[in-house]
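Letter by letter, the chains look like this.
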Amino acid sequence: MRSGLSTLILLAAITVAAKAQEAVPFPAPKTEPPIVTPGKANSDPPSDAIVLFNGKDLSQWRGADGAPAKWIVRDGYVEVAAGTGDISTAQQFGNVQLHIEWATPTIPRGEGQERGNSGVFLMGRYEVQVLDSYDNKTYYHGQAGAVYKQYAPLVNVSRKPGEWQAYDIIFKAPKFDEQGKVVDRARVTVLHNGVLIQNNVEIYGITYNDRPALYIAHAPEESLRLQDHGNPVRYRNIWIRRL
Ligand code: MG
């Protein structure tokens, strides 16, 4: 009995140790995404969607360590309460279609990454950048709609600060083998204000800001996370469909 338990503990330790993968170098984009003017309409949830935010409460969301989410709900939207931390869904998801609307602060403050920064972290790890990218220069794979530090958007279809924008995201979760090695990388397609900006790109790993992307094995379903980057970015009409 005891030796069986010891073997189990040893196996668990080996599994944990084996999870980190080597970082793979990849080129940074060198050309700026062209600017495109979006159409007007956004989108309501279809009948089979899970509504994650309907404009009224954060019952589907949690703060760090499962504490209540502290962002501010008013007038049908939720606003990042700077310094209160990221919020994550109570439910976990793998392959999904996600619709999420967002608006950066009406009075733009800061430059580059400091202006209207937030982010949509699929499975809590893979960021589609939210940023005020209307007349605001930054590195191309850090602007709105970028797979952060990996892929620039195909075009910059950003609306002005304070105007509602939409992402429609189709995400395929990565797969790992029993040793925790990635055998099928995550993929993502993103429409920004109805315009294709990421076309089924293969994600290189966790979208770190300060080190190379890499995969670390995780569960087949994980929480969706929204980023508190210190800017009062707003969200509304968030719905998701499991695929
Ligand atoms: Mg961000």
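That block above? That's the structure.
Quick caveat: nothing in here was measured; it's all calculated off a predicted structure.

Q: Give a detailed account of the nonpolar core, specifying residues and quantitative values.
A: Ranked by internal contacts, the top residues of the largest apolar core, which has 50 residues, are Trp61, Leu122, Tyr167, Ile169, Phe171 and Tyr235. Counting residues per element, this core draws most heavily on strand β6 (residues 96-103), at 4 residues. In this structure Phe171 touches Gly94, Asn95, Val96, Leu122, Met123, Tyr126, Ala186, Arg187, Val188 and Ile203, once residues within four positions along its chain are discounted.

Q: Could you give an account of the coordination of the magnesium ion, with specific residues and numbers?
A: Looking at the magnesium ion, one finds its protein donor set to be Asn117 (OD1), Ser118 (O), Glu127 (OE), Gln129 (OE1) and Gln227 (OE1), positioned 2.2 to 2.3 Å from the metal centre. Ordering the donors of the magnesium ion by residue number gives the pattern N-S-x8-E-x1-Q-x97-Q. Of the two residues, Glu127 is situated in strand β8 (residues 126-130) and Gln227 in the loop between β14 (222-226) and β15 (234-242); the sequence distance between them amounts to 100 residues. Judged on exposure class, the residue Glu127 and its partner Gln227 are both buried.

Q: Could you give me a rundown of the sheet that holds strand β2 (residues 61-62), with the residues and numbers involved?
A: Pairing within the open sheet is antiparallel, and its 5 strands lie in the order β2-β5-β14-β7-β8. For this open sheet the edge positions go to β2 and β8, each flanked by a neighbour on one side alone. Where strand β7 (residues 118-122) meets β8, 5 bridges bridge the pair, whose relative direction is antiparallel. Opposite Val120, over in β8, you have Val128 as the bridge partner.

Q: Let's hear about the pattern of salt bridges: which residues, and what values?
A: One pass over the structure, following the stated rule, counts 14 salt bridges. The partner of Arg241 in a salt bridge is Asp48, and the shortest N-O contact between them spans 2.7 Å. Of this pair, Arg241 sits in strand β15 while Asp48 is found in the loop between α1 (2-18) and β1 (50-53), placing the two residues 193 residues apart along the sequence. Overlapping salt bridges, with partners in common, bring together Arg74, Glu79 and Arg234 in one network.

Q: Talk me through unusual backbone geometry; I want residue IDs and the actual numbers.
A: Here Met123, not a glycine, exhibits a phi torsion of approximately 55°, which is positive. Looking at the element boundaries, Met123 is found in the loop between β7 and β8. Residue Met123 is classed as buried on the basis of its relative accessible area, which comes to 4%. The residue Asn200 is not glycine, and still its phi comes out positive at about 55°. Relative to the helices and strands, Asn200 resides in strand β13 (residues 195-202).

Q: Can you tell me about the environment of Val36, naming the residues and giving the values?
A: Examined against the element boundaries, Val36 turns out to sit in the loop between α1 and β1. What makes Val36 partly exposed here is its relative accessible area of 28%. Considering only alpha carbons, one finds Val36 and Gln92, 56 residues apart in sequence, at a separation of 34 Å.

Q: Any chance you could break down the pairing of β8 for me, citing the residues and the numbers?
A: The buried count for β8 comes to 5 of 5 residues, which makes it a mostly enclosed element. Alternating residues of β8 divide into Tyr126, Val128 and Val130 and Glu127 and Gln129, and every residue in both groups is buried. Taking the residues between adjacent antiparallel strands as the criterion, β7 and β8 are bridged by 3 residues, where Met123 takes a positive phi near 55°.

Cut-offs and rules
Residues numbered from 1 in each chain as written. Predicted model: local features only at pLDDT ≥ 70, side-chain atom pairs only at ≥ 80, totals over all residues. Heavy atoms only, no water. Core = buried A, V, L, I, M, F, W, Y, C linked by side-chain atoms within 4.5 Å. Buried < 20%, exposed > 50% of the residue type's maximum accessible area, 1.4 Å probe, protein only. Helix = DSSP H or I, 4+ residues; strand = E, 2+ residues; numbered from the N terminus. Contact = heavy atoms within 4.5 Å. Donors = N, O, S within 2.8 Å, 3.2 Å for Na, K, Ca; no water. Pairing = 2+ DSSP bridges. Salt bridge = Lys/Arg side-chain N within 4 Å of Asp/Glu carboxyl O.

Any functional reading would require information beyond the geometric quantities listed.
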